[in-house]
Amino acid sequence: MEMRAVYAACLAELMEKDKHVVVLDADLGKASGTLGLRAKFPEQSFDCGVAEQDMASIAAGLSSYGFKPWIESFTPFATRRICDQVAISIVYAKRNVKIVGTDPGIAAELNGGTHMSMEDIGVMRSIPGIVIFEPVDEVQLRAAMPVLNDYDGPVYVRLFRKELPKVFEEGYKFDLFKADTIKEGKDLTIFVSGMLTADVVTAAKQLAEEGVDAEIVNVHTIKPIDRETVVASARKTGTVLTVENHNVIGGLQSAVLEALAEEKIPVVAVGVQDRFGEVGKLPYLREVTGLTVENIIAGAKKALSLK
Amino acid sequence: MSYDLKEVCKDIRCDIMTCIGHLGVGHIGGCLSVVEALAVLYFKEMNIDPKNPKMEGRDRFICSKGHAGPAVYATLANRGYFDKKELLTLNQGGTNLPSHCDMNRTVGIDMTTGSLGQGFSCAVGVALGSKLEKDGATIYAMIGDGESQEGQIWEAAMFAAAKKLDNLIAFTDYNKQQIDGTVAEVNDIAPLAEKWAAFGWNVIDVEDGNDIEQVEKAVEHAKLGRDSGKPTMIILNTLKGCGVKWIEDLGSGNHNCPVSEEQAEAAIREIRGED
């Protein structure tokens, strides 16, 4: 199932149960999969038109009236474009608004460089107190949605729209503030979030064939990062690789480095090397940004060599 | 209970002078220009209870020009939301009365504002919320004329009209001055009434927004538009710094300027007509 379809179905369940759960789009209801909610929930689903700033502050106003708004746009327009509205109307004012950015990083594909956020985690991570969550697959997203809705505060959700390979099994238990160790290992730790998690699992299998036992930790919540799990795993294995569909500046690597600042543990990153995106399909974009299974394996070996 | 609104305006102006004079600096001009609107709202029109500031279904006021915080605080203190002595803590470290309005710090403040343009969209969200709850509240908002140069104001204007938020009554404090000069010089917003009408709003143009009777009449008139399917904009042609001659004369220089305690005391005598 496409991630946006799972997202919309979960929202529908939440809206059905609670009339204070509302959804606001900025002319991307179709893209986000939420357009269908309008007919069923006309008093809980609104389109603000192409006016993301207005959408963010309207949501803050609704929140002050007891509503639980979810707002949506493509990642660059849900973050860097409305950074001040998110920072002031929503987070500074302590409003309970969920901000969903779709098609993060290279996932924007044919929309190209203008629509491709390589910096959204960095932008949002620097706003005090906001929570940042990036789901791996539909199982995790489904488990997370009610938890996010119940969390009384602002959360940025970095959502891949299309289908993603399943990493988690049905019955998976989700804790918003606890990273998930997907595979235990002893030689190195790979920290990863979002769409590249399945690639890390693939890479780890190939590494295993070469006798390398990698631990995989899914940091689904990048802020606040689960410092305890991150530090414990890094100490156990002694070397670290971070893998992210984001600029290596400001994203997962930065968050992991901050958590490990007092540890003498090497950290190698596979991520976008401080460049903008460009137009193309995922296989091409993976190649030009280095987000490939081969690069993950090479990064893991580099991390091992630094041990 | 009815109040003598002219006396209320004097009290609010004096308290603005006292708290900014005590601090030594502040957004004095844009505080003094909105006093009549605040007096009419908090002492006559709004369904509020200072003893129950979070009362459900209450009318709300969102000061999108958040730098007029001291004027709102003086109004709230006079209306009994908190002790007037607290006004002297304005902008001191740890205060509940920061320069710009903060809903999490100040009793009676309904929205955090200060980054211009945003409070108005928030007010639109509040008005939408009230419509959804069907609680019959009226949502009031105050924007600045310089603030009207923000694109977000017009995004919100469009949305409010499109969603028929006739429970929203907004004011523009059209004092014609902003930080760098006159609004006309910096980036003219005229013709203002025509702009709001074109955006689908009822528009009431008040010749003198510092004349209490004219403001009262405008708000009464605006409330008649409750079922018109349109939000209402009341354009208040005001004087920045109104009530204190030397501050008025500073023009755009009065946006955020030093005020000594002696100047504040003299201004209070002027406001009270004791000179």
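Just so we're clear, the structure is a prediction, and the values are computed from it rather than from any experiment. In this convention, every chain numbers its residues from 1, walking through the sequence in written order. Working convention: letters from A go to chains and numbers from 1 go to ligands, in the order in which they are written. In keeping with the predicted nature of the model, local features appear solely for residues at pLDDT of at least 70, side-chain atom pairs appear and are counted solely at 80 or more, and the whole-chain, interface and lining totals rest on all residues. Side-chain calculation: all heavy atoms of the structure are included, whereas hydrogens and water are not.

**So, the overall build of chain A**
Formally: Put simply, DSSP marks the helices as runs of H or I at least four residues long and the strands as runs of E at least two long, and each gets a number from the N terminus on. Burial classes: relative accessible area under 20% of the type maximum marks a residue as buried, over 50% as exposed, and values in between as partly exposed (1.4 Å probe, protein chains only). In this description, contact between two residues means that some pair of their heavy atoms is separated by no more than 4.5 Å.
When its secondary structure is counted, chain A shows 13 helices and 12 strands. Taken along the three principal axes of its C-alpha coordinates, chain A extends 55 × 35 × 35 Å. Looking at chain A as a whole, 65% of its 307 residues qualify as buried. At a minimum sequence separation of 6, the contacts of chain A that also span at least 24 residues come to 80%.

**With respect to the interface of chain B and chain A**
As a reminder, the rule being used: The quantity reported as buried area is the accessible area (1.4 Å probe) lost by two parts once they are put together, taken as the sum for both. Basic side-chain nitrogens of Lys or Arg form a salt bridge, by our definition, when they fall within 4 Å of a carboxyl oxygen of Asp or Glu. Think of a polar contact as two N or O atoms within 3.5 Å of one another; within protein, one of them needs to be a possible hydrogen donor and the other a possible acceptor, and neighboring residues in sequence only count if both atoms come from side chains.
With 29 residues of chain B at the contact, the number on the chain A side is 25 residues. Across the interface of chain B and chain A, roughly 2200 Å² is buried in total on both sides, 55% from carbon and sulfur atoms. When the buried surface of chain B facing chain A is broken down by residue, B:Gln118, B:Leu132 and B:Glu155 rank first, second and third, together holding 24% of it. Along the contact surface separating chain B from chain A lie two salt bridges. Among the ionic pairs, A:Lys19 bridges to B:Glu133, the shortest N-O distance being 3.2 Å. Along the contact surface separating chain B from chain A lie 16 residue pairs in polar contact (both at pLDDT 80 or more). When contributions to the side of chain B that touches chain A are tallied by element, the ones reaching two or more residues are α5 (118-133) and α6 (151-162) of chain B.

**Side note on unusual backbone geometry**
Residue A:Lys223 is joined to A:Pro224 through a cis peptide bond whose omega torsion reads -5°. Considering the arrangement of structural elements, one finds A:Pro224 in the loop between β10 (221-223) and α10 (227-237). In the segment running from B:Ala190 into B:Pro191, the intervening peptide bond is cis, with an omega of 0°. With respect to the element layout, B:Pro191 can be found in the loop between α7 (183-187) and α8 (192-198).

**Focus on α6(B)**
Every α-helix carries 3.6 residues per turn, so stepping three or four residues along brings you back to the same face. All names here are of chain B. Put simply, the rule is: To estimate the expected span of a helix, subtract one from its residue number and multiply by 1.5 Å.
Here α6 spans 17 Å end to end across 12 residues, near enough to the 16 Å set by a 1.5 Å rise per residue. Burial of α6 is extensive: nine of the 12 residues sit out of reach of the surface. What α6 keeps buried is the set Gln 152, Ile 153, Trp 154, Glu 155, Ala 156, Ala 157, Phe 159, Ala 160 and Ala 161.

**Quick word on the state of the cysteines**
Worth spelling out the cut-off: Note on terminology: pairs of cysteine sulfur atoms within 2.5 Å are recorded as disulfides.
Applying the stated rule across the entire model yields zero disulfides over all chains. B:Cys122 provides the cysteine sulfur closest to A:Cys83, a residue in no disulfide bond, and the two sulfurs are 15 Å apart. Summary of cysteine pairing: B:Cys14 is not part of a disulfide, and the nearest cysteine sulfur, belonging to B:Cys9, is at 11 Å.

**Side note on the sheet that holds strand β8 (residues 232-237) of chain B**
Residues and elements named next belong to chain B. Applicable threshold: Note on pairing: DSSP must find at least two bridges between two strands before they are called paired. To get an axis, fit a line to the C-alpha atoms, keeping to the stretch in contact for a helix; angles then go from 0 to 180 degrees between the N-to-C directions.
The parallel open sheet is built from five strands, whose spatial order is β2-β3-β4-β8-β7. A single partner strand is all that each edge strand has here, and the edge strands are β2 (60-63) and β7 (202-206). In this sheet, adjacent strand axes meet at a mean angle of 20° when their direction is disregarded. Pairing of strand β4 (residues 168-174) with β8 involves six bridges; the strand directions are parallel. Along β8, the bridge assignment pairs Phe 171 with Ile 234. Where α5 meets the sheet, its contacts fall on β2, β3 (139-144) and β4, and the angle it forms with β3 comes to roughly 170°.

**Considering the environment of B:Gln177**
Take B:Gln177: it is sitting in strand β5 (residues 177-178). Taking the C-alpha atoms as reference, B:Gln177 lies 6.7 Å from B:Gly251; in sequence the two are 74 residues apart.

**With respect to the domain arrangement of chain A**
Residue and element names in this part refer to chain A. Heads up, the condition is: An automatic or database domain assignment provides the domain bounds reported here. Think of it as three bins: nonpolar holds Ala, Val, Leu, Ile, Met, Phe, Trp, Tyr, Cys and Pro, charged holds Asp, Glu, Lys and Arg, and polar takes everything else, Gly as well.
Here the domain parsing of chain A yields domain 1 (3-159) and domain 2 (180-305). Here the C-alpha centre of domain 2 lies 26 Å away from the C-alpha centre of domain 1. Linking domain 1 to domain 2 there are one salt bridge. Counting only elements with at least two residues in the side of domain 1 that touches domain 2, the list comes to α7 (120-125) and β5 (131-133). Residue classes in the side of domain 1 that touches domain 2 are distributed as 15 nonpolar, six polar and six charged.

**Overview of the packing of α10(A) against helix α11 (residues 252-259) of chain A**
Residue and element names in this part refer to chain A. The condition is simple: Orientation labels follow simple angle bins: below 35 degrees gives roughly parallel, above 145 gives roughly antiparallel, 65 to 115 gives roughly perpendicular, and whatever is left gives oblique.
Here α10 crosses α11 at 80°, and the two axes come no closer than 9 Å. Put simply, α10 runs roughly perpendicular to α11. Contacts between α10 and α11 involve Arg 227, Val 230 and Val 231 on the former and, on the latter, Val 256, Glu 258 and Ala 259. For the contact of α10 with α11, the per-class residue count stands at four nonpolar, no polar and two charged.

**Section: the nonpolar core**
Definition in use: Side-chain atoms within 4.5 Å link the members of a nonpolar core, which is a set of buried Ala, Val, Leu, Ile, Met, Phe, Trp, Tyr and Cys residues.
With 140 residues, the main nonpolar core has B:Tyr42 and B:Trp196 as its most contacted residues. In terms of residue count, helix α1 (residues 5-23) of chain B provides more of this core than any other element does, nine residues in total. Those residues within four positions of B:Tyr42 in sequence are excluded, and the remaining contacts are B:Ile48, B:Phe61, B:Val72, B:Thr75, B:Leu76, B:Arg79, B:Tyr81 and B:Gly108. One finds A:Ala108, A:Val155, A:Met195 and A:Leu207 within the second-largest nonpolar core, a separate group that totals 63 residues.

**Section: the sheet that holds strand β2 (residues 45-47) of chain A**
All names here are of chain A. If you trace the seven strands from one edge of the open sheet to the other, you get β2-β1-β3-β4-β6-β5-β10, paired in mixed fashion. Where the open sheet ends on each side, the last strands, each with one partner, are β2 and β10. Between one strand axis and the next, the sheet turns by 20° as a mean value, whatever way the strands run.

**Examining the pairing of strand β1 (residues 21-25) of chain A**
Residue and element names in this part refer to chain A. Along β1, five of the five residues are buried, which leaves the element largely enclosed by surrounding structure. Residues Val 21, Val 23 and Asp 25 point to one face of β1 and Val 22 and Leu 24 to the other, with burial holding for every one of them. In terms of strand pairing, β1 meets strand β3 (residues 68-74) through five bridges, oriented parallel. Each residue of the ladder has a partner; that of Val 21, found in β3, is Lys 68. Note that β1 and β2 share three bridges and pair parallel. Each bridged residue has a counterpart across the sheet, and for Asp 25 the counterpart in β2 is Asp 47.

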